[in-house]
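Each chain is listed here by its residues.
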Protein chains: 2
Amino acid sequence: MKKNILKKREMPDAYLNLPYYLNKYLGELPEPPLDPKTKKPIGPEALLRLFPLELIKQEVSLEKEIPIPDEVRELYASYRPSPLLRASRLEKILGTPASIYFKYEGASPVGSHKLNTALPQAYYNKKEGVSLLTTETGAGQWGSALALACRFFNMKCKVFMVKGSYEQKPYRKTVMHLYGADVIASPSVETQAGKAFLSRLPGTMGSLGMAISEAIEVAVTTPGAHYALGSVLNHVLTHQTIIGLEAKRQMEKGGVYPDVVVGCCGGGSNLAGISFPFLADKLSGNASALRVVAVEPESCPSLTKGEYRYDSADTAGMTPLMKMYTMGSGFVPSPIHAGGLRYHGDSPLVSFLYYKKLMEATAYGQRDVFAAARKFAQAEGIIPAPESAHAIRQVIEEANRAKEEGKKKTILFSLSGHGLLDLGAYEEFLEGGMV
Amino acid sequence: MKKNILKKREMPDAYLNLPYYLNKYLGELPEPPLDPKTKKPIGPEALLRLFPLELIKQEVSLEKEIPIPDEVRELYASYRPSPLLRASRLEKILGTPASIYFKYEGASPVGSHKLNTALPQAYYNKKEGVSLLTTETGAGQWGSALALACRFFNMKCKVFMVKGSYEQKPYRKTVMHLYGADVIASPSVETQAGKAFLSRLPGTMGSLGMAISEAIEVAVTTPGAHYALGSVLNHVLTHQTIIGLEAKRQMEKGGVYPDVVVGCCGGGSNLAGISFPFLADKLSGNASALRVVAVEPESCPSLTKGEYRYDSADTAGMTPLMKMYTMGSGFVPSPIHAGGLRYHGDSPLVSFLYYKKLMEATAYGQRDVFAAARKFAQAEGIIPAPESAHAIRQVIEEANRAKEEGKKKTILFSLSGHGLLDLGAYEEFLEGGMV
C-alpha cells in the first residue's frame, strides 16, 4: 500500500453540504423533524436549548458549502489530511483485478473519525460561551473524541457511557478520564430519565438511546450546558465530509475515481463522510454509475430490515421525531463488539438516500466480519475497529465479484478507526468463542 | 501542532551509518564484541548461525550509508514519512519560549518505531532463505513488529514474551496472534535454557535477558531458523536512523535545527534513530553546540548508574560479550510499566557515545513520567507509550529551563509509540495507585 499526500494548501477549507445538491438536482429533501407532542415540524429555535445557533443553521442550511473555521483547520492540521492508502497486498491475496483504496481515520489522536466533528462542535459551543458539553457514548469512540475537543477548548465534558461498555471496555473510559472528562455509566441515578430506566429495567446494561436521554436531561437542566451528538444529525454528517473531500482530491492526484464507495453504517456519519462528496457528483450528473454501499451488522439491521418512518432518536422520547429507517426506539441490539453500530435508527439524510435508491445497503454477521478483519490485518498491518471491519467485509465481496466478472474496478472505503481497544474481541474471535 | 510533510521522492533512500563518522572524525570506534569463552574479539563469521550475511556486514560496516532496499522502501511508504509535529499547545501551557517538535512513530500499523527495523531484518533473512525468525519481547512492541514483518515476507515467527508481560498485557499477545505468530511465555519448557531458569528460579516472571537466551537457543537448534534482535546491535540502530533523517529534512523545510534532541533509552534504538543524523553533524563540526539527552527509568538506570564494561546481552551468557553500560546481565528491574526500558544494558554504540560525552543521560521515576504523559496527552491529544513518556518528562525540563533563562531554544524528541495498549497503567496512575 502507498501513501498519497495532500499539501496543506490543498486541504479543504469548507465542508460539503449535501442538502444543497439534493435540493438543486433532485428537487427534494428529507422530511423535517417533528415535535414529539404536536407532531408538527419543529423550528430551528426549538433546538437552541441544546445546540449553538451556528450548528442549528448548519442543520437546516441549503448552502453548497459550510466554511471550516480557522481554529478548527489549525487543529485538523495535526492529523489531517488522513492518509489515503492502497491495499495492494490485500488485492494480491484476493487475486482480484480491482484496485482497493482506503481512507485511514484511525491515525487521529483518538483513533477514529469522530474527532472531525467533535472539534467544530466544541468550537461553536465555546464561541457561544458554553462551559459544559454532555453526550452519550457506546464503545467510547465518540466520547473520547468529544472529551479531547472539550479539553482543547477548555470546556467541561460529561459523558454517559452505555453501562455494558463501561464495564467491558475500561480502557476507553481511561482515555476519557485522561483527557479530563467525567464518565458516568448509563443508566445512572444522576438523572430522572436514568432513574426511570433503572426502576423499569433493573439490571439493564443500558443502550445508546437511554444514554442520549440522560445526556439531554443534564444539558437542559444545567446552566451553561449544551448537548453534543456524534452522528445522525445533518451538521454532524456535514463535518465528516472532510474525509470524502480529501479522498477525492487524493484520488484525483493519482488519476483515479471510485466505481463503488463503501462504509460501515451505525448512525451514518462515517458513511456520509466518505460518500457525500462522491454522491454530490452523482446527483449533479458527473458520476452516474457510482455506487455507494452502507454496511451494517445483522444484529442491528436498520436499513436492510427496519421501517422508514418517524421515530424518536432516544429511548425516553425527548428528541424531535425524525424520519428514518428504524428498528424502533425501544430496540436493544444484542451485545456485539461493534458498539458504534448498535443504534436503532439511521440518520435522516442517509435514510432518505437509501429510500431514494441513491445508496445500497447490506448486513453481515459478527464472525464473518472478524474473519475479514483478520485477513485485512494480515495483509496491511492495520488492525481495524470492529465497526470499520464491516466495510472491509463488503469490500472483499466487491473485489471477489470483480474477479469473477474479470472486471477492473476501483473500490474506495473508509477505515473509520483502529481496533486497538477492541483486542479482547479479536482474542475471542481467534479462540473460536465468538458467535 | 502542525504537520510537516515530505514528498515521497524526498524520503531517505539510505540509512545513516554512525560508525563512519566516529571513525572519520573521532578516529575511534566502540570496542569489538568478545567471544564469551576465549575473551578474544569475535569475527563476523561467528554470527552467521544467527543473522543473514547482509546484516552482519551492516553490523561492522564503516560505509557512510547503507542503502534501503526497494522492497523495504515500498513497505515504509505505507506509514512513512512519519509526521513531524510541533507541540504548540504544550508550549503554550508551559509558557516556554522554546519550540518543541516531535517525530511521531506511533502511527505505524504496530504503533511504534520497531517496524522500521523489523522490515529490513525480515527482508534480508527472507532473501537468504530463512523460514523462521525467533525473537524475544518485553512489553510486546518489538514482538508485534517482527510478527507483522514476518507475515509480510511469508516467514514463521516465534516470540518469547517475558512472562510478566504475557500475563499482564494480553492485548499485545493478541496482536501477535492476529498476525499469525507463535507467542510463548518465557521462561518456558520449550528450551534447555528456559528449563534451567525455571528450576533455578521457580515462579519467576522472566526478563528480557532470559527470553533472549530462549530465542537464540531455538534459532540455533532449528533448521532454517534465524534470530532477530529489536535493539542494541549496530545494524538495528542504523535502521532506525530513518527517523532522524526524515526529521532533519522535515525541519530543514521549516527552516529550523534542534538545539537539543531527546529520546528515551532502553537498548537505545529509538534514541539512536532520532539522534544519530544530528550527531553526525556534530561529529563533522557542523553542529558543535548540539546536545543529545538519553532518558531512562530510575528503576533501570544503566547509563546514569551502571558500569561501562564488557557484559553479556542475555542471562544465560549465550551472546558475545559487549562493551556497554550495564547493571549486570543478571539484573532484574522492578516491574515498571515501561517494559521496553527494562533492559540491563545499553547498546555498545550509545554506551560509547555517552562515555565520550557526546550524549547526556538522565533518569526519572515512574509517577513523574506519567504526570508528564498526562500533561502531554491533554495538550496534544496523543497518549504516549510509557517508554516515550520518559522523553516527554525531559522535554518539559528543557522547556522550563528555557523559560527560566528567558532563552529561545529548539527541542526535538522522538515519540516512539502510542500508549493505547498501556491504558491499564494510566488508570493506575489516575487512581493514585502507582508508586
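Residues numbered from 1 in each chain as written. Chains lettered and ligands numbered in written order. Predicted model: local features only at pLDDT ≥ 70, side-chain atom pairs only at ≥ 80, totals over all residues. Heavy atoms only, no water.

## Quick look at the nonpolar core
Here comes step 1: Ranked by size, the top nonpolar core spans 274 residues in total, and within it Leu18(A), Phe276(A), Phe413(A), Leu18(B), Phe276(B) and Phe413(B) carry the most contacts.
Here comes step 2: Once residues lying within four places of it in the same chain are set aside, the contact partners of Phe276(B) are Leu16(B), Leu18(B), Leu237(B), Thr241(B), Leu349(B), Leu353(B) and Met359(B). (Core = buried A, V, L, I, M, F, W, Y, C linked by side-chain atoms within 4.5 Å. Buried < 20%, exposed > 50% of the residue type's maximum accessible area, 1.4 Å probe, protein only. Contact = heavy atoms within 4.5 Å.)

## Some remarks on the relation of the copies chain A and chain B
Each of the two chain copies can be brought onto the other by rotation about an axis and movement along it.
Here comes step 1: At an RMSD of 0.0 Å, chain A and chain B line up after a rotation of 180° and a shift of 0.0 Å along the axis. Interpreted geometrically, this transformation is the action of a two-fold axis. Every residue of chain A has its C-alpha some distance from the rotation axis, and the shortest such distance is that of Ala107(A), at 2.8 Å. (Least-squares fit on C-alpha atoms with pLDDT ≥ 70 in both.)

## Points about the pairing of strand β15 (residues 409-415) of chain B
Residue and element names in this part refer to chain B.
Here comes step 1: A large share of β15 lies buried, amounting to seven of its seven residues.
Here comes step 2: Burial of the side chains of β15 extends over both faces: Lys409, Ile411, Phe413 and Leu415 are buried on one face and Thr410, Leu412 and Ser414 on the other.
Here comes step 3: With seven bridges connecting them, strand β5 (residues 98-104) and β15 associate as parallel partners. Bridge pairing links Phe102 to Phe413 in β15. (Helix = DSSP H or I, 4+ residues; strand = E, 2+ residues; numbered from the N terminus. Pairing = 2+ DSSP bridges.)

## Things to note about the interface of chain A and chain B
Here comes step 1: Listed by partner, the interface residues are 44 residues for chain A and 44 residues for chain B.
Here comes step 2: The contact between chain A and chain B buries some 3900 Å² in all, and 64% of this surface belongs to carbon and sulfur atoms.
Here comes step 3: At the junction of chain A and chain B, the tally comes to zero salt bridges.
Here comes step 4: Where chain A packs against chain B, one counts 10 residue pairs in polar contact (both at pLDDT 80 or more).
Here comes step 5: Residues of the side of chain A that touches chain B, tallied by class, amount to 25 nonpolar, eight polar and 11 charged. (Buried area = accessible area lost by both parts, 1.4 Å probe. Salt bridge = Lys/Arg side-chain N within 4 Å of Asp/Glu carboxyl O. Polar contact = N/O pair within 3.5 Å; in protein donor to acceptor, adjacent residues only side chain to side chain. Nonpolar A, V, L, I, M, F, W, Y, C, P; charged D, E, K, R; others polar.)

## Focus on the packing of helix α5 (residues 115-127) of chain A against helix α11 (residues 234-253) of chain A
Residue and element names in this part refer to chain A.
Here comes step 1: Where α5 meets α11, the axes come as close as 8 Å, and the angle between the chain directions of the two elements is 125°. As the angle between them shows, α5 and α11 are arranged oblique. In the packing of α5 onto α11, the handedness of the crossing is right-handed. Residues Asn116, Thr117, Pro120 and Gln121 of α5 pack against His235, Val236, His239, Gln240, Ile242 and Ile243 of α11.
Here comes step 2: A class-by-class count of the residues in the contact of α5 with α11 yields four nonpolar, six polar and no charged. (Axes fitted to C-alpha atoms, helices over the stretch in contact; angles between N-to-C directions. Parallel < 35°, antiparallel > 145°, perpendicular 65-115°, else oblique. Left-handed = near helix turned anticlockwise from the far one by under 90°.)

## Quick notes on helix α15 (residues 366-380) of chain A
Residue and element names in this part refer to chain A.
Here comes step 1: Look at α15: 21 Å from first C-alpha to last across 15 residues, which is about the 21 Å you get at 1.5 Å a residue.
Here comes step 2: Gln366, Val369, Phe370, Ala372, Ala373, Phe376, Ala377, Gln378, Ala379 and Glu380 are the residues of α15 that are buried.
Here comes step 3: The positive-phi residue at the C-terminal boundary of α15 is Gly381, with phi of around 90°. (Expected span 1.5 Å × (residues − 1).)

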